[in-house]
Protein chains: 2
Amino acid sequence: MAKELHHPTREQIDLSAVLDALSDPIRRQIVARLRHTGEEACSCFGEFASKTNLTYHAARLREAGVTRTRIDGPRRMISLRAADLEARFPGLLEAIVAGTEAETGRSAPAQAEPAEA
Amino acid sequence: MAKELHHPTREQIDLSAVLDALSDPIRRQIVARLRHTGEEACSCFGEFASKTNLTYHAARLREAGVTRTRIDGPRRMISLRAADLEARFPGLLEAIVAGTEAETGRSAPAQAEPAEA
DNA sequence: CCATGGGTTCAGGAGTTGTTGAACAATAGG
DNA sequence: CCTATTGTTCAACAACTCCTGAACCCATGG
């Protein structure tokens, strides 16, 4: 398992891949949370999807260049490549995270939409 | 053909749908061009895809709330819903258009990255 | 040694996407 | 009327997406 995981370089990060990766609500939730926590293990996102599925989504984010995955013993620690994304597509990550938090309620887990007009 | 085309209201615009719509390079090129020209007919994008295909992509953009389609005689005039997008997801459209132009070279067809500061 | 917690890999399935060609519809001009 | 321009609808297709269960690997700790 000590295989090196593939990550695109900063220059290789492709806009289509990033938008595709972030068009999925589950992946966007993961990203939004990493924004606050900095780094987390895969297992911390068990609320969003099954273990198998999480591997899939994590790979999707990693291959798009959105996250970096570091191997730490038996765990995979995931973090945001915020600086790389900001350098390549300024303002993009922030706009998407803000939009995600606005839609999901930002801190409330349920949908407590205050019924906007 | 004088059917009314469906457009989501500003509040109905969904982030997943927008990102999904803009994850396609063809649709992003259309959007990037509308950014400069304001309003154009479907046929003006014939360089990007076939007629049939253009109908598909235009519908995708429209249904996501990214563009508005106005019927003008035999033509369909497409324009960006920039204000609606900006109100809903501030900075998003600008970041994506900028990234698109950086990748496509904005005027050069090939990849001649002049390494702007 | 065996078990456990943390992740992966594989095969498969239901659904979606991007694309095409053929046929059609609607508006406008001779 | 006939024709051209502009765009739609439909059926089909290969490829991909998201998700699942079963099996597996790998590091640690009794």
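Given the structure is predicted, the values throughout are model-derived calculations rather than measurements.

A.B. asks: Explain the overall build of chain A to me, and be specific about the residues and the numbers.
C.D. replies: Looking only at helices and strands, chain A has 5 helices and 3 strands in total. The secondary structure elements of chain A, listed N-terminal to C-terminal, are α-α-β-α-β-β-α-α. Within chain A, the fraction of its 117 residues that count as buried is 41%. Taking as baseline every contact in chain A between residues at least 6 positions apart, the subset at least 24 positions apart corresponds to 66%. In the structure as shown, chain A presents an accessible area of about 6500 Å², 52% of it carried by carbon and sulfur atoms.

A.B. asks: I'd like a description of the state of the cysteines, backed by residues and values.
C.D. replies: Residue and element names in this part refer to chain A. One pass over the structure, following the stated rule, counts 0 disulfides over all chains. You can see Cys 42 has no disulfide; the closest cysteine sulfur is in Cys 44, sitting 8.9 Å from it. Relative accessible area serves as the criterion here: at 21%, Cys 42 is assigned to the partly exposed category.

A.B. asks: Can you explain the sheet that holds strand β2 (residues 67-72) of chain B? Please cite residues and give values.
C.D. replies: Residues and elements named next belong to chain B. Spatial strand order, β1-β3-β2: 3 strands in an open sheet with antiparallel pairing. Since the sheet does not close on itself, it has two edges, and those belong to β1 (39-41) and β2, each with one partner. Direction aside, neighbouring strands of the sheet carry axes that sit 30° apart on average. In this structure, β2 lies alongside strand β3 (residues 75-80), joined through 6 bridges in antiparallel fashion. Looking at β3, one finds that Asp 72 is bridged to Arg 75.

A.B. asks: Describe the sheet that holds strand β2 (residues 67-72) of chain A, naming the residues involved and giving the relevant values.
C.D. replies: Residue and element names in this part refer to chain A. One open sheet accounts for 3 strands, arranged β1-β3-β2; its pairing is antiparallel. Of all the strands in the sheet, just β1 (39-41) and β2 have a single pairing partner and so form its edges. Taken over all neighbouring pairs, the strand axes of this sheet differ in orientation by 30° on average, direction set aside.

A.B. asks: Any details on the relation of the copies chain A and chain B? Residues and values, ideally.
C.D. replies: Aligned on chain B, chain A shows an RMSD of 0.1 Å; the corresponding rotation is 179° and the shift along the axis is 0.0 Å. Each copy turns onto its partner about a two-fold axis. Mapped onto chain B, 91% of the interface residues of chain A again fall at the interface, so both copies present the same surface.

A.B. asks: Which residues make up the interface of chain A and chain B, and what values go with them?
C.D. replies: The interface is formed by 22 residues belonging to chain A together with 21 residues belonging to chain B. Between chain A and chain B, roughly 1500 Å² of surface is buried when both sides are summed, and carbon and sulfur atoms account for 59% of that area. It is A:Leu15, A:Leu19 and A:Glu103 in chain A that bury the most area against chain B; as a group they hold 31% of the surface buried on that side. Counting every contact that joins chain A to chain B gives 0 salt bridges. Summed over the shared surface of chain A and chain B, the number is 8 residue pairs in polar contact (both at pLDDT 80 or more). The leading source of residues in the side of chain A that touches chain B is helix α5 (residues 92-104) of chain A, at 6 residues. A per-class count over the side of chain A that touches chain B returns 11 nonpolar, 5 polar and 6 charged.

Conventions we followed
- Along each chain, residues carry numbers from 1 onward, in the same order as the chain's sequence is written.
- The naming scheme follows written order: chains are lettered A onward, ligands numbered 1 onward.
- Reporting of local features is limited, given that this is a predicted model, to residues whose pLDDT is at least 70; pairs of side-chain atoms are given and counted only at 80 or more, and all residues count toward the totals for whole chains, interfaces and linings.
- For side-chain calculations, the full set of non-hydrogen atoms in the structure is used, while hydrogens and water are omitted.
- Only runs of H or I of at least four residues qualify as helices and only runs of E of at least two qualify as strands under DSSP, and these elements are numbered from the N terminus.
- Using a 1.4 Å probe on the protein chains alone, a residue whose accessible area is under 20% of its type maximum counts as buried, one over 50% counts as exposed, and one in between counts as partly exposed.
- In what follows, a contact means two residues having at least one pair of non-hydrogen atoms within 4.5 Å.
- Surface accessibility in these figures is a Shrake-Rupley result with a 1.4 Å probe; residues are shielded only by whichever protein chains are displayed.
- When two cysteine sulfur atoms lie within 2.5 Å, the pair is treated as a disulfide.
- A pair of strands is labelled paired if DSSP reports no fewer than 2 bridges between them.
- An axis is simply a line fitted to the C-alpha atoms; with a helix, the fit covers only the stretch in contact. Between two such axes, the angle follows the N-to-C directions and lies from 0 to 180 degrees.
- Residues below a pLDDT of 70 in either copy are left out; the C-alpha atoms of the rest, at least 70 in both, set the least-squares superposition of the copies.
- Accessible area that two parts lose when put together, with a 1.4 Å probe and added across both, is what the buried area reports.
- For salt bridges, the criterion is a side-chain nitrogen of Lys or Arg within 4 Å of an Asp or Glu carboxyl oxygen.
- Here a polar contact means two N or O atoms within 3.5 Å. Within protein one must be a hydrogen donor candidate and the other an acceptor candidate, and residues neighboring in sequence count only if both atoms are side-chain atoms.
- Here the term charged refers only to Asp, Glu, Lys and Arg, the term nonpolar to Ala, Val, Leu, Ile, Met, Phe, Trp, Tyr, Cys and Pro, and the term polar to all other amino acids, Gly among them.

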